[in-house]
Amino acid sequence: MATVFMLLLVRFAIIAAVVAVIAISLFAVALHLKRRGKWESARNQIGPTVTRVADLYARRSPPNGRGSWKTRALTSAARRLNDEGEQK
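Reading the values: the criteria
- Residues numbered from 1 in each chain as written.
- Predicted model: local features only at pLDDT ≥ 70, side-chain atom pairs only at ≥ 80, totals over all residues.
- Heavy atoms only, no water.
- Helix = DSSP H or I, 4+ residues; strand = E, 2+ residues; numbered from the N terminus.
- Buried < 20%, exposed > 50% of the residue type's maximum accessible area, 1.4 Å probe, protein only.
- Areas by Shrake-Rupley, 256 points an atom, 1.4 Å probe, with all protein chains shown as cover.
- Expected span 1.5 Å × (residues − 1).
- Patch = residues over 30% accessible without salt bridge, like charges linked within 9 Å, V, L, I, M, F, W, Y side chains within 5 Å.
- Salt bridge = Lys/Arg side-chain N within 4 Å of Asp/Glu carboxyl O.
- Contact = heavy atoms within 4.5 Å.
- pLDDT = per-residue confidence, 0-100.

When helices and strands are counted, the protein shows three helices and zero strands. Traced from its N-terminal end to its C-terminal end, the protein shows the element sequence α-α-α. Per-residue burial over the protein gives 12% buried out of 88 residues. Total accessible area on the protein is roughly 7,500 Å²; 66% of this is exposed by carbon and sulfur atoms.

Right, dumping it as structure tokens:
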């Protein structure tokens, strides 16, 4: 039983480390783009794609199922990313 728990703990640690590395990498890329002055251009190019992906994910997941809060969060983040470029 201890071996099973150890394997689960190691698997969780690996997954958490991968998620942390991806998040830090995305933050570093965004920070680099912002410092170089290319953030607005990148956001204008990425915004419509993120909105389409959020809409596809919303259609795929059930409305009252397990992914509903994720769908709402992704959709609102995509709309905000897309709308901030249009407000200026």
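If you check helix α1 (residues 2–36), its first and last C-alpha atoms are 51 Å apart, about what 35 residues at 1.5 Å a residue would give, namely 51 Å. Within two residues after α1, G37 carries a phi angle of roughly 80°, on the positive side.

A cluster of nonpolar side chains, M6, L9, V10, F12, I14, V18, I22 and L26, forms an exposed patch at the surface whose accessible area comes to about 810 Å². Summarising the element assignment, M6 is placed in helix α1.

Once that is clear, we can look at the environment of T51. With respect to the helices and strands, the residue T51 is situated in helix α2 (residues 39–60). As for T51 and A77, which are separated by 26 residues in sequence, their C-alpha atoms are 8.7 Å apart. Leaving out residues up to four positions away in the same chain, T51 has contacts with A78 and N82.

To continue, consider α2. The end-to-end C-alpha distance of α2 is 30 Å, a good match for the 32 Å that 22 residues give at a rise of 1.5 Å each. All of the buried residues along α2 are A42, R43, G47, T51 and A54.

Summarising the model, the protein shows a mean pLDDT of 81, and 86% of its residues fall at 70 or more. Per-element confidence in the protein ranges from a low mean pLDDT of 71 for helix α3 (residues 68–87) to a high of 93 for α1.

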